[in-house]
Amino acid sequence: MKIVKLKKDNLFPFLEAIKGDAELWAPVKKDDAKHTFQPVDDFSQIDLDYTRTILPPRKILLPAKFNMYQASKSEFTSDFSHISKKIIFGIHPCDIHAFLTMDKFYSYEIEDPYWLEARKNLVLLGHSCWPDENCMCKSTNTHVVEEGYDLFFTDLEDTYVVWIGSSRGDDLIREKPELFEEDLTDTDIQKFIQRRENRDKAFTTEINFAAMPDLMELKYNDALWEKLGDACLACGSCTNVCPTCNCYNVEDRPVLGKDFSNIQRCWDACTLENYSGVAGGENFREKRADRLKLWYTHKLQSYISKYGKPACVGCGRCVATCPVDINVKTVAQSLDGNEVDSFWDRLSKEVTK
Amino acid sequence: MNTENKITAQSNPFLPEPARIVRTYPLTDDVHFFQVRIADMEKALSFRYEIGQFAMISVLGAGEAPFSISSTPSRPGLLEFCIRRAGAVTSKLFQLKENDFVGIRGPYGNGFPVEKMQGKDILIVMGGLGAAPLRSVLLYCLDNRDLFGRIILLHGAKRPAEMLFRDELLDIKKRDDLEGYLTVDGDDTGQWTENVGVVTTLFPKLENINPENTVGVVCGPPVMYKFVLQEFLKLDIPKDQILMTLERRMKCGVGKCGHCAIDYIYTCLEGPVFSYWDVTHMRELI
Ligand SMILES: Cc1cc2nc3c(=O)[nH]c(=O)nc-3n(C[C@H](O)[C@H](O)[C@H](O)COP(=O)(O)OP(=O)(O)OC[C@H]3O[C@@H](n4cnc5c(N)ncnc54)[C@H](O)[C@@H]3O)c2cc1C
Ligand code: SF4
Ligand code: SF4
Ligand code: FES
């Protein structure tokens, strides 16, 4: 692994030098003080002082709705027009881990070209972060990244320590080598280690993810699920914000005045009511409790056997988003036998409404 | 970073192949038979599938849906389907005529474990639309008659007019290397010469079943499963030699859209064929 240094003043000149005709996505602060990933031309819009964006960066690769192919009477033509060269700057370790998990998922058995081609055209420039009370990435062991990025910027006051994670990352540095310094001083190294130690201590939420597969199994018929089901609004928000959710629907959209259709792929959510409906009006998961069980089986249990780690990367988005406090944190804590006071208060209020 | 943007995905597993409807006719009021051929002759012949697999059929303007392949891989070139009118895709499909185009993707799913079935007695129990996947099993076993022991077929329908493949099966039943029993819940024609009663009333007719050497295969409406499984267990057929196919909503067929999940199993990849033993481990089914 190669490590270099970049003065903060040199950041924008560096981004300018590497951007070319690629689209550069970075965190931007919205009016309501929340952050989103957006394409930026004016780098001064970038705000790196954020914990999590509302939507996960998978939206940049697989937008909420895009054309998979065009269908006419006797011809089908792939449509990859939404895929272009992109750079994501400022992505945090949990979201990089989510990309690695989705890489495995989208390559499993049959390769999904819409994800994999978009990935090939993507440069990932990671950035260090600081946890809040909803970050669980230390528990999921996704708070540091060893692979999956091209460059990773760690903020040390007036300087970035930049880890080079790929040969493409190395090429990017070579676009403007004069902006970088090769040698880290002892003070730099000391600062880096100190920062890491302080950050590790800053995590306040600890979840025993290793126990979750067994607990999901043992408590599959626990009354907890009925209570959660009664409170859940089936709004699907938890699914839209989760960086490792993959479900989608396909729609045939005839193009007005033409003899072909756009076949569109659009985000779906297993927490929504119609998700498991089949012909004849049968619905395999009519109950909200059953849909939540599926979601939490996915997040806490199933990926462990298939990919060796849970699907949850601890980003805390579901915690920040669910209007009735059903999220990985409260559900995992409840499964682990801890009653979370405010959660149960809220839950009983929702249920008796 | 100025590189030309050109996506060169070698193959797109989501892209259907244009195919023509060669023949279509009604089997019952709301179930039609479709014989389809992939337009590209080479691709038509290289479309290799196994019994119990399914394909996605797309109809322009309506969308795509999964259907069991009803023909047998022992007769390549043409694909046959047996389809009930249920909603958007199937209604539009029913309006199409011979020579019209549809799209085909597949084959998908695990299919039946043919190697494990070889040398065994095969007991096929089907009802209603269950005939769609199990016709493929039946025809395959008959085309490869030497590979299997006894072949026993139990087929049930509500009324004679609703029995799928009635004439074909009455014909097959005449073979002396097959034990075939057809039944209807009720005969409203007065001309039905076979059994009357639900499909489980056929079980007492079965003689000298050697359970250890028997593979039981069942597909039909949900109520049928329960009763037929009980009959299989009464016969002492081992749980891992009882095979069934499951239906779920499917949007992709290739393990990406999530819709077919049962617990942590994707039915489109690991199913739709499961043994009774597999199914007893699925929490969402119990
Ligand atoms: C592996 C497999 C094999 C199959 N084999 C066969 C076969 O051989 N023959 C056969 O006839 N069928 C088969 N089916 C079933 C077949 O796929 C369905 O009947 C078909 O998908 C119906 O499509 P449709 O567009 O006509 O109906 P749809 O328009 O999808 O509607 C039918 C019903 O589905 C539900 N539904 C659909 N979309 C929604 C939505 N967005 N929200 C809520 N509910 C919705 C509703 O209950 C609706 O009434 C098989 C299914 C599977 C999974
Ligand atoms: S389950 Fe919640 S915390 Fe875990 S990755 Fe998804 S949104 Fe983030
Ligand atoms: S768990 Fe919360 S966010 Fe998810 S669907 Fe239910 S109410 Fe919406
Ligand atoms: S049908 Fe899409 S995952 Fe199985």
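This is a predicted model, so every value here is computed, not measured.

Calculation notes
- Residues numbered from 1 in each chain as written.
- Chains lettered and ligands numbered in written order.
- Predicted model: local features only at pLDDT ≥ 70, side-chain atom pairs only at ≥ 80, totals over all residues.
- Heavy atoms only, no water.
- Helix = DSSP H or I, 4+ residues; strand = E, 2+ residues; numbered from the N terminus.
- Buried < 20%, exposed > 50% of the residue type's maximum accessible area, 1.4 Å probe, protein only.
- Lys, Arg positive; Asp, Glu negative; His and termini not counted.
- Charge placed at Lys NZ, Arg CZ, Asp CG, Glu CD.
- Contact = heavy atoms within 4.5 Å.
- Areas by Shrake-Rupley, 256 points an atom, 1.4 Å probe, with all protein chains shown as cover.
- Pairing = 2+ DSSP bridges.
- Core = buried A, V, L, I, M, F, W, Y, C linked by side-chain atoms within 4.5 Å.
- Near = heavy atom within 4 Å.
- Nonpolar A, V, L, I, M, F, W, Y, C, P; charged D, E, K, R; others polar.
- Disulfide = S-S within 2.5 Å.
- Domains from an automatic or database assignment.
- Buried area = accessible area lost by both parts, 1.4 Å probe.
- Polar contact = N/O pair within 3.5 Å; in protein donor to acceptor, adjacent residues only side chain to side chain.
- Salt bridge = Lys/Arg side-chain N within 4 Å of Asp/Glu carboxyl O.

Draft legend 1. A look at the overall build of chain B. Assigned secondary structure in chain B consists of 8 helices and 15 strands. A principal-axis box enclosing the C-alpha atoms of chain B has dimensions of 75 × 40 × 35 Å. Burial analysis of chain B (286 residues in total) assigns 57% to the buried set. Each charge class in chain B was averaged separately, 32 positive and 36 negative side chains, and the resulting centres sit 4 Å apart.

Draft legend 2. How the structure looks around the overall build of chain A. Assigned secondary structure in chain A consists of 13 helices and 12 strands. Reported as C-alpha extents along the three principal axes, the dimensions of chain A are approximately 65 × 60 × 40 Å. Taking all 353 residues of chain A together, the buried fraction comes to 57%. Put simply, 72% of the contacts in chain A that link residues at least 6 apart link residues at least 24 apart. When the accessible surface of chain A is summed, it comes to about 15600 Å², and 47% of that surface belongs to carbon and sulfur atoms. Between the averaged position of the 45 positive side-chain charges in chain A and that of its 57 negative side-chain charges there is a distance of 2 Å.

Draft legend 3. The arrangement of the pairing of strand S3 (residues 54-59) of chain B in detail. Residue and element names in this part refer to chain B. Extensive coverage of S3 is indicated by the burial of 6 of its 6 residues. Neither face of S3 is exposed, since Phe 54, Met 56 and Ser 58 on one face and Ala 55, Ile 57 and Val 59 on the opposite face are all buried. Pairing geometry for S3 and strand S4 (residues 63-68), over 6 bridges, is antiparallel. Its bridge partner lying in S4, Phe 54 is registered against Ser 68.

Draft legend 4. Representation of the nonpolar core. All names here are of chain A. Core analysis: the largest hydrophobic core is formed by 78 residues, its most contacted members being Ile 88, Trp 295, Tyr 296, Ile 326, Val 328 and Leu 335. Among the elements that take part in this core, helix H10 (residues 288-307) stands out by supplying 7 residues, more than any other. In contact with Leu 335, other than residues within four places in its own chain, are Met 212, Leu 215, Met 216, Lys 219, Leu 224, Trp 225 and Leu 300.

Draft legend 5. Region of the structure containing the site of ligand 2. Residue and element names in this part refer to chain A. Taken together, 13 residues are adjacent to ligand 2, and Cys 242, Cys 312, Cys 315, Gly 316 and Cys 318 come closest. Counting only elements with at least two residues in the shell around ligand 2, the list comes to H10 and helix H11 (317-321). In terms of residue class, the shell around ligand 2 is made up of 9 nonpolar, 2 polar and 2 charged.

Draft legend 6. Molecular detail of the sheet that holds strand S7 (residues 122-127) of chain A. All names here are of chain A. The strand order across the open sheet built from 8 strands is S3-S2-S6-S7-S8-S9-S1-S10, with neighbouring strands paired in mixed fashion. Two strands lie at the open edges of the sheet, namely strand S3 (35-39) and strand S10 (180-181), each paired on one side alone. Direction of pairing for strand S1 (residues 2-7) relative to S10: antiparallel, over a ladder of 2 bridges. Following the sheet pairing, Leu 6 is matched in S10 by Phe 180.

Draft legend 7. Main features of the state of the cysteines. Under the definition given, this model contains 0 disulfides over all chains. A:Cys137 supplies the cysteine sulfur nearest to A:Cys129, a cysteine that is in no disulfide, at a spacing of 6.1 Å. Given a relative accessible area of 14%, A:Cys129 falls into the buried group. We note that B:Cys219 lacks a disulfide partner, and the nearest cysteine sulfur, in B:Cys82, lies 10 Å from it. For B:Cys219, a relative accessible area of 8% gives the class buried.

Draft legend 8. The arrangement of the domain arrangement of chain A in detail. Residues and elements named next belong to chain A. Per the domain assignment, the segments of chain A are domain 1 (3-202) and domain 2 (209-351). For domain 1 versus domain 2, the distance between C-alpha centres works out to 26 Å. Contact with domain 2 buries surface across domain 1, with Arg 58, Thr 101 and Met 136 losing the most and accounting together for 18% of the total. The tally of links between domain 1 and domain 2 comes to 24 residue pairs in polar contact (both at pLDDT 80 or more).

Draft legend 9. View of the interface of chain A and chain B. With 62 residues of chain A in contact, the opposing surface of chain B contributes 46 residues. Buried surface at the junction of chain A and chain B, summed over both partners, amounts to about 4300 Å²; 58% is from carbon and sulfur atoms. Sorting the residues of chain A by area buried against chain B places A:Phe76, A:Ile110 and A:Tyr248 first, and these three jointly supply 14% of that buried surface. Summed over the shared surface of chain A and chain B, the number is 0 salt bridges.

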